[in-house]
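Below are the chains, spelled out letter by letter.
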Amino acid sequence: MKSNIRRSIRGPFLVHDLGRGAWRLAGTVPPNIDILVQGAAADDSQVLSLENCAELCVEWQEAGVNLTWPSAAGDSSLKMRSAIIHEPQARLYEGLPLASYDAAARGFWRRIFRIMRIPGGRYLLGFLARRHRSGA
């Protein structure tokens, strides 16, 4: 049996109805986490009450997702079919071995795109590429 995965997120949230049982909970405090939920097993007023919650606990279970938040009347809970948390990362791509261009490569591509902008530039580049491939 898989263990449940649980995540707590600080609020408050802006609640957007995306239609057909889907909702977007947009965090208003940094790091501005968005939660996309689908398949609410309750009425709209219970989902809209998430705007005032200070902390939201999302727990993925085998049967679905359970959202829990503290309220004045005690802990409130809402059962959903699915939930996706989008958390923006400031330096997400720094650790990846992405291609980088040196000054010569940037100059080459700048010239190529400048030629492409002139009328007939695409044909000129095609001609030069064919000429280069044939060894002339």
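As a starting point, this report considers the structure included with it. The structure presented is a predicted model; accordingly, all values stated were derived computationally and were not measured.

### Observations concerning the sheet that holds strand 2 (residues 13–19)
And then number 1: Reading across from one edge, 2-3-4-8 is the order of the four strands in this open sheet, with antiparallel pairing throughout. Whereas interior strands pair on both sides, the edge strands pair on one side only; in this sheet they are strand 2 and strand 8 (82–86). Neighbouring strand axes in the sheet, compared pairwise and without regard to direction, differ in orientation by 15 degrees on average.
And then number 2: Relative to strand 8, strand 4 (residues 34–38) is paired through five bridges, and the arrangement is antiparallel. Within strand 8, the residue paired with Asp34 across the bridge is His86.

### Some remarks on the packing of aromatic side chains
And then number 1: Summed over all chains, the structure comprises two aromatic pairs.
And then number 2: For the ring pair Phe108 and Trp109, a centre distance of 5.1 Å and an interplane angle of 75 degrees mean the geometry is edge-to-face.
And then number 3: Given a relative accessible area of 40%, Phe108 falls into the partly exposed group.
And then number 4: When the ring of Trp109 is compared with that of Phe113, the centres are 6.1 Å apart and the planes differ by 35 degrees; the resulting orientation is tilted. Of the two residues, Trp109 and Phe113 both sit in helix 2 (residues 103–117), four residues apart, roughly one turn of that helix.

### Here's the deal with the sheet that holds strand 1 (residues 5–10)
And then number 1: What the four strands build is an open sheet, ordered 1-5-6-7; its pairing is antiparallel. Of all the strands in the sheet, just strand 1 and strand 7 (74–80) have a single pairing partner and so form its edges. Between one strand and the next, the sheet's axes are offset by a mean angle of 20 degrees, whatever the strand orientation.
And then number 2: Taken together, the five bridges between strand 5 (residues 55–61) and strand 6 (residues 64–71) define a ladder with antiparallel strand orientation. Residue Glu59 lies in a different strand from strand 6, and its bridge partner there is Asn66.

### A closer look at the packing of helix 2 against helix 3 (residues 121–133)
And then number 1: Their axes nearest at 6 Å, the elements helix 2 and helix 3 cross at an angle of 130 degrees. Classified by the interaxial angle, the pair formed by helix 2 and helix 3 is oblique. Of the residues in helix 3, those in contact with Ile112, Ile115 and Met116 of helix 2 are Gly121, Arg122, Leu124 and Leu125.

### A look at the environment of Thr68
And then number 1: Position of Thr68 among the secondary structure elements: in strand 6.
And then number 2: Sequence spacing of Thr68 and Ala99 is 31 residues, and the spatial spacing of their C-alpha atoms is 43 Å.
And then number 3: What Thr68 contacts, discounting residues up to four positions off in sequence, is Glu55, Leu56, Cys57, Asp75, Ser76 and Ser77.

### A short note on the pairing of strand 2
And then number 1: The pairing of strand 2 with strand 3 (residues 22–27) spans six bridges and is antiparallel. The residue of strand 3 that forms the bridge with Phe13 is Gly27.
And then number 2: Linking two consecutive strands that pair antiparallel, namely strand 2 and strand 3, is a turn of two residues; a positive phi of about 55 degrees is found at Arg20 within it.

### Digging into a positive patch on the surface
And then number 1: A surface patch of like charges, here positive, comprises Arg106, Arg110, Arg111, Arg114 and Arg117.
And then number 2: Along the chain, the position of Arg114 falls in helix 2.
And then number 3: Judged by its relative accessible area of 45%, Arg114 falls in the partly exposed class.

Criteria and cut-off values
- Residues numbered from 1 in each chain as written.
- Predicted model: local features only at pLDDT ≥ 70, side-chain atom pairs only at ≥ 80, totals over all residues.
- Heavy atoms only, no water.
- Pairing = 2+ DSSP bridges.
- Helix = DSSP H or I, 4+ residues; strand = E, 2+ residues; numbered from the N terminus.
- Axes fitted to C-alpha atoms, helices over the stretch in contact; angles between N-to-C directions.
- Phe/Tyr/Trp six-rings, centres within 6.5 Å; stacked < 30°, edge-to-face > 60°.
- Buried < 20%, exposed > 50% of the residue type's maximum accessible area, 1.4 Å probe, protein only.
- Parallel < 35°, antiparallel > 145°, perpendicular 65-115°, else oblique.
- Contact = heavy atoms within 4.5 Å.
- Patch = residues over 30% accessible without salt bridge, like charges linked within 9 Å, V, L, I, M, F, W, Y side chains within 5 Å.
- Areas by Shrake-Rupley, 256 points an atom, 1.4 Å probe, with all protein chains shown as cover.
- Salt bridge = Lys/Arg side-chain N within 4 Å of Asp/Glu carboxyl O.
- Lys, Arg positive; Asp, Glu negative; His and termini not counted.
- Charge placed at Lys NZ, Arg CZ, Asp CG, Glu CD.

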